[in-house]
Amino acid sequence: MTELYEDYNQFRRLHPLTLLYGLFRNLPYILITLYLGLVQKQTEELFYIFMLIFLGMVIIPGHILRWYYFSYMIGENEIIIRSGVFARKTRNIPIKRVQNINVKQDVLQRILGIARVQIETAGDISSEGSLDFVKLNEADEINKVIRLHKQKIIEKDNDIENIESNSDTVSRSETFNPTLSGDTLFSMSGKDVLVYGMVRLRPLFLIYGAWAASFLTQFKYVSNIVSGYIEETVDSFADLPIELLLPLSVAFLILTVVMSWIVDIVWTFLQYYGFKLVKDGNKLVESYGLLSRNSVTIPLPKLQQITIATNPVKIKFNFYTLLLHTAGFDVYKKNASSGIPLAKKEDLLEIASDIYPVQIPESFRNISRKAVRRAFVRYLIFLIIPMAAAYYMIDWYFLSGLILIPLVYYGAVLRWQYRGYNISDNLIFVKHGFWNQKLNIIPVDKLQTLHVRASFFQRRLGLATVVIDTAASISAYDAVIPDIDADDAVMILEEINEAFLQKSRVIN
Amino acid sequence: MYSLDPAVKIIWGMGVFLQFLFYSLLLGFTEFFIIPSNINNWIVPQGLLALIMFICGIFLTFIIPLLRYKYWKFQVRNDEIYLERGIMTRIKTIAPYKRIQHIDVQQSIFERMAHLGKLVIYTAGTRGADVVLPGLPIEYAEDLRDKLRNLTNEDAV
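Because the structure is a prediction, the values reported are computed rather than measured. (Residues numbered from 1 in each chain as written. Chains lettered and ligands numbered in written order. Predicted model: local features only at pLDDT ≥ 70, side-chain atom pairs only at ≥ 80, totals over all residues. Heavy atoms only, no water.)

**Looking at the overall build of chain B**
Applicable threshold: Each helix is a run of DSSP H or I of at least 4 residues and each strand a run of E of at least 2, with the numbering of both proceeding from the N terminus. The rule is simple: take the accessible area with a 1.4 Å probe, protein chains only, and divide by the maximum for that residue type; under 20% is buried, over 50% is exposed, in between is partly exposed. Here, two residues are considered to be in contact whenever any of their heavy atoms come within 4.5 Å of each other.
A tally of regular secondary structure across chain B gives five helices and six strands. When its helices and strands are written in sequence order, chain B yields α-α-α-β-β-β-β-α-β-β-α. Every one of the 157 residues in chain B was classed for burial, and the buried ones make up 35%. Across chain B, every contact between residues at least 6 apart in sequence was considered, and the portion connecting residues at least 24 apart equals 49%.

Okay, here's the thing in structure tokens:
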């Protein structure tokens, strides 16, 4: 063991295979550039020449230099990470403050036998560190060494001051992330994951279609092929009898949606295969992935907000999703959807109560009915302006869009119906959404600041919006009670604040 | 409820004025040098938009600080600081002392001349995380900072 300490007590470089990994990762871009620049001889496009020069002179040597100048060491009291080619940066992470160590591997890293080690601390992002990449067994060793160092520090602190109670020591040393041990709260079989993929129903074709289009049209060569293909297709469509046009376009649309659905299923299967949620002391550990292995740690004391989400299709099968939001530090920003991907309502609520004791209220208070009016006007503007423009510039038949107005009104009513809130038992419940239905649960003691906001238009109707700000990184809608009576809003503000103060007094 | 120090109106006014000066210079520059003059003159005489912008700016230089001052109220309560502000969108904010991670007094050059300072309260929140209390007499701001500093909580997540 002492040898291990010695090994890590001096500056070490990352694993040399990191370089190969970087090369592999950039291979598609490098190949495309090389192909277009050298094979296709599109030399009139200066862009590719620049890219080639950039590749040869900057990116590849940059990789090597960065690797050469990156080193880390694990001392008795702190982890030191040095990086930077021109501007040297030294990051000291006190071992005392280390909360979790996450080890992650994707497919390529798995083949190469390397892993990423993320060191998370309680507190700000500036004291977090990531080692990309070390050998897998080194990752385990690093984990072990840091854990033992921390244990020692805690023991020493106890010897000298002898203030911290024994139970505290246990919980503190448990805030590490060793291999998966603890009670399995939830796991998914292959079939479960497949079902999850089926009901996610994300409009992937819109997102990735747009992305692919914008990416591909950057290259003249590709975009020529594509536009040629589109022209041909359109031409062949034009030759078809007119009666077939409508059924064909409907069929095409259905095909696109089905394709996107299948892609989503495959994608979800690869990502979530073998999903397991384990409770280990005061933290949750999630692991999942078929080709890539991911293990994410959620320290429960840092839990900011819980969301139970579903959509109309999921409801048909009684399926719900649980999302856990922790403080918005680096790692979680990319991985905010920690929790339970899909479970039956009863199971989900049972697991949720293991994570955080929650009693879902039976009824919710509606927001003001005047919100319908506001939403209607807002939607109407979005409908009318493009329509008026089309009418003015193209033809009168765009006015037929006016028949959508009742639909727009119905949308506004739906939006109002599905919104609700409830404050009880030191928990704030906010629900919203018709398609993406979400119930957000915010523990009162997690609030950071509270606001009541009233825009000019809201004030005319006597409305206001309550905003509950926590440290969770979530979308702006999830901790907001919009469009309630202005007096109620102020009352709620005071009520929540009072609850917060009481709760924090109890804790201290 | 306290109001801010009235001198803050001058500082705000300067801010608004400088902002509009910048925009009207930018607009004027665009009109004279970037848009070809034959096109520009066809729509409006060259420089007119910039002039209008500048006149509006002078007008707002007086109006905005007055309104902003009128609606800016704060209260230092036992457990929290309470603010009210906003001309078009009115915002009421509660920032509990328990949630203060860090607290600062900042002074711009104009504020230094007017012996004013602004108290900036940093929390771990993600939206509108930093609560700013402008236009306080500098001694008061510093006293408040020292008083609140004792109540801060570094690990407030």
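**Brief notes about the domain arrangement of chain A**
All names here are of chain A. Selection rule: Domain limits in this description derive from either an automatic procedure or a database domain assignment. Simply put, the buried area is the total loss of 1.4 Å probe accessible area from both parts when two parts are fitted together. Every case where a carboxyl oxygen of Asp or Glu lies within 4 Å of a side-chain nitrogen of Lys or Arg is listed as a salt bridge.
Looking at chain A, the domain boundaries give domain 1 (3-177), domain 2 (193-272), domain 3 (370-417) and domain 4 (419-508). Put simply, the middle of domain 3 and the middle of domain 4, counted by C-alpha atoms, are 30 Å apart. For the pair domain 3 and domain 4, the summed buried surface comes to about 850 Å²; carbon and sulfur atoms form 49% of the total. Per-residue buried area on domain 3 facing domain 4 is highest for Lys-370, Arg-374 and Arg-415; these three make up 59% of the total on that side. Applying the counting rule to domain 3 against domain 4 returns one salt bridge. Residue Arg-374 is joined to Asp-483 by a salt bridge in which the shortest nitrogen-to-oxygen separation is 2.8 Å.

**Here's the deal with the domain arrangement of chain B**
All names here are of chain B. Applied cut-off: Polar contacts here mean pairs of N or O atoms no more than 3.5 Å apart (in protein, one a potential hydrogen donor and the other a potential acceptor; neighbouring residues in sequence count only if both atoms are side-chain atoms).
What the domain assignment lists for chain B is domain 1 (2-70) and domain 2 (73-156). The C-alpha centroid of domain 2 is placed 29 Å from the C-alpha centroid of domain 1. With 14 residues of domain 1 at the interface, the matching set in domain 2 holds 12 residues. Both faces combined, the contact of domain 1 with domain 2 buries some 1200 Å², and carbon together with sulfur accounts for 74% of it. Three residues, Tyr-2, Leu-4 and Ile-11, lead the burial of domain 1 against domain 2; their summed loss comes to 45% of the area buried on that side. Our enumeration of links across domain 1 and domain 2 arrives at three residue pairs in polar contact (both at pLDDT 80 or more). For the side of domain 1 that touches domain 2, the secondary-structure elements that each account for two or more residues are helix 1 (8-34) and helix 3 (48-71).

**What to know about the packing of aromatic side chains**
Working definition: an aromatic ring pair is given by the centre-to-centre distance plus the angle between the planes. Under the convention used in this document: The rule is short: rings of Phe, Tyr and Trp, with Trp giving its six-membered ring, pair when the centres are within 6.5 Å, and they are stacked under 30 degrees, edge-to-face over 60, tilted in between. Should the NZ of a Lys or the CZ of an Arg lie within 6 Å of a ring centre and within 35 degrees of the ring normal, that charge is described as sitting over the ring.
Applying the stated rule across the entire model yields 17 aromatic pairs over all chains. On the numbers, 6.2 Å between centres and 45 degrees between planes, the contact of Tyr272(A) with Phe275(A) is tilted. Neither residue differs from the other here; Tyr272(A) and Phe275(A) are each classed as buried. Between Tyr2(B) and Phe74(B), the ring centres sit 5.7 Å apart and the planes meet at 45 degrees, which makes this aromatic pair tilted. In this pair, Tyr2(B) is assigned in the segment before helix 1 and Phe74(B) in strand 1 (residues 73-76), connecting sequence segments 72 residues apart. Since its relative accessible area comes to 2%, Phe74(B) is described here as buried. Taken together through their ring pairs, the aromatic side chains of Phe186(A), Tyr196(A), Tyr272(A), Phe275(A) and Tyr288(A) make up a single cluster. Arg13(A) extends its terminal NZ or CZ atom over the ring of Tyr68(A), reaching a point 4.3 Å from the ring centre. The lysine or arginine in question, Arg77(B), covers the ring of Tyr82(B), its NZ or CZ lying 4.3 Å from the ring centre.

**Comments concerning the pattern of salt bridges**
Residues and elements named next belong to chain A. As enumerated under the stated definition, the model contains eight salt bridges over all chains in all. Notably, a salt bridge pairs Arg-12 with Glu-138, separated by 2.4 Å at the nearest N-O pair. With a gap of 126 residues between them, Arg-12 in strand 1 (residues 12-13) and Glu-138 in helix 5 (residues 136-161) connect regions that are remote in the sequence. Residues Arg-12 and Glu-138 agree in their burial class; the two are buried.

**Remarks on the sheet that holds strand 2 (residues 71-74) of chain A**
Residue and element names in this part refer to chain A. Applied cut-off: Between any two strands, pairing holds if DSSP finds at least two bridges.
What the four strands build is an open sheet, ordered 1-2-3-4; its pairing is antiparallel. Looking at the sheet topology across the chains shown, the edges are occupied by strand 1 and strand 4 (89-94). Pairing between strand 3 (residues 78-83) and strand 4: six bridges, direction antiparallel. Across the sheet, residue Ile-81 finds its bridge partner in strand 4, namely Arg-91.

**Some words on a negative patch on the surface**
Residue and element names in this part refer to chain A. We apply this condition: For patch detection, residues must exceed 30% relative accessible area and be free of salt bridges, and they are connected within 9 Å for like charges or within 5 Å for nonpolar side chains (Val, Leu, Ile, Met, Phe, Trp, Tyr). Working definition of accessibility: Shrake-Rupley area with a 1.4 Å probe, residue cover restricted to the visible protein chains. Counted as positive: Lys and Arg. Counted as negative: Asp and Glu, with His and the chain ends omitted from the count. Think of each charge as sitting on NZ of Lys, CZ of Arg, CG of Asp or CD of Glu.
Where like charges cluster on the molecular surface, the negative patch consists of Asp-183, Glu-346, Asp-347, Glu-350 and Asp-354. Per-element tally for the negative patch: the top contributor is helix 13 (residues 345-355), with four residues. For Asp-183, a relative accessible area of 55% puts it in the exposed group.

**Observations regarding the sheet that holds strand 5 (residues 116-122) of chain B**
Residue and element names in this part refer to chain B. Put simply, the test is: Helix axes are fitted only over the stretch in contact, all axes being lines through C-alpha atoms; the angle between N-to-C directions runs from 0 to 180 degrees.
If you walk across this open sheet you meet the three strands as 4-5-6, and the pairing is antiparallel. Two strands close off the open sheet at either side, each with one partner strand: strand 4 (102-106) and strand 6 (130-137). The sheet shows a mean angle of 20 degrees between the axes of neighbouring strands, direction not considered. As paired elements, strand 4 and strand 5 share five bridges and run antiparallel to each other. Bridge pairing links Val-105 to Leu-119 in strand 5.

**Here's the deal with helix 10 (residues 242-272) of chain A**
Applicable threshold: A helix is expected to span 1.5 Å multiplied by its residue count minus one.
Compared with the 45 Å implied by 1.5 Å per residue over 31 residues, the 45 Å span of helix 10 of chain A between its first and last C-alpha is a close match. Looking one or two residues beyond helix 10 of chain A, the residue adopting positive phi is Gly274(A), at roughly 70 degrees.

**Side note on the interface of chain A and chain B**
The interface is formed by 38 residues belonging to chain A together with 27 residues belonging to chain B. The contact between chain A and chain B buries some 2500 Å² in all, and 49% of this surface belongs to carbon and sulfur atoms. In this structure, the connection of chain A to chain B is made through one salt bridge. A salt bridge links Arg77(B) to Glu494(A), with the nearest nitrogen and oxygen atoms 3.5 Å apart.

**With respect to unusual backbone geometry**
Residue and element names in this part refer to chain A. For the peptide bond that leads from Asp-132 to Phe-133, omega is 0 degrees, which places it in the cis range. By the element assignment, Phe-133 lies in strand 7 (residues 129-135). In this model, Asn-318 sits at a positive phi of 60 degrees, which is unusual for a non-glycine residue. In this model, Asp-483 sits at a positive phi of 50 degrees, which is unusual for a non-glycine residue. Considering the arrangement of structural elements, one finds Asp-483 in strand 20 (residues 480-485). The exposure class of Asp-483 is buried, given its relative accessible area of 3%.

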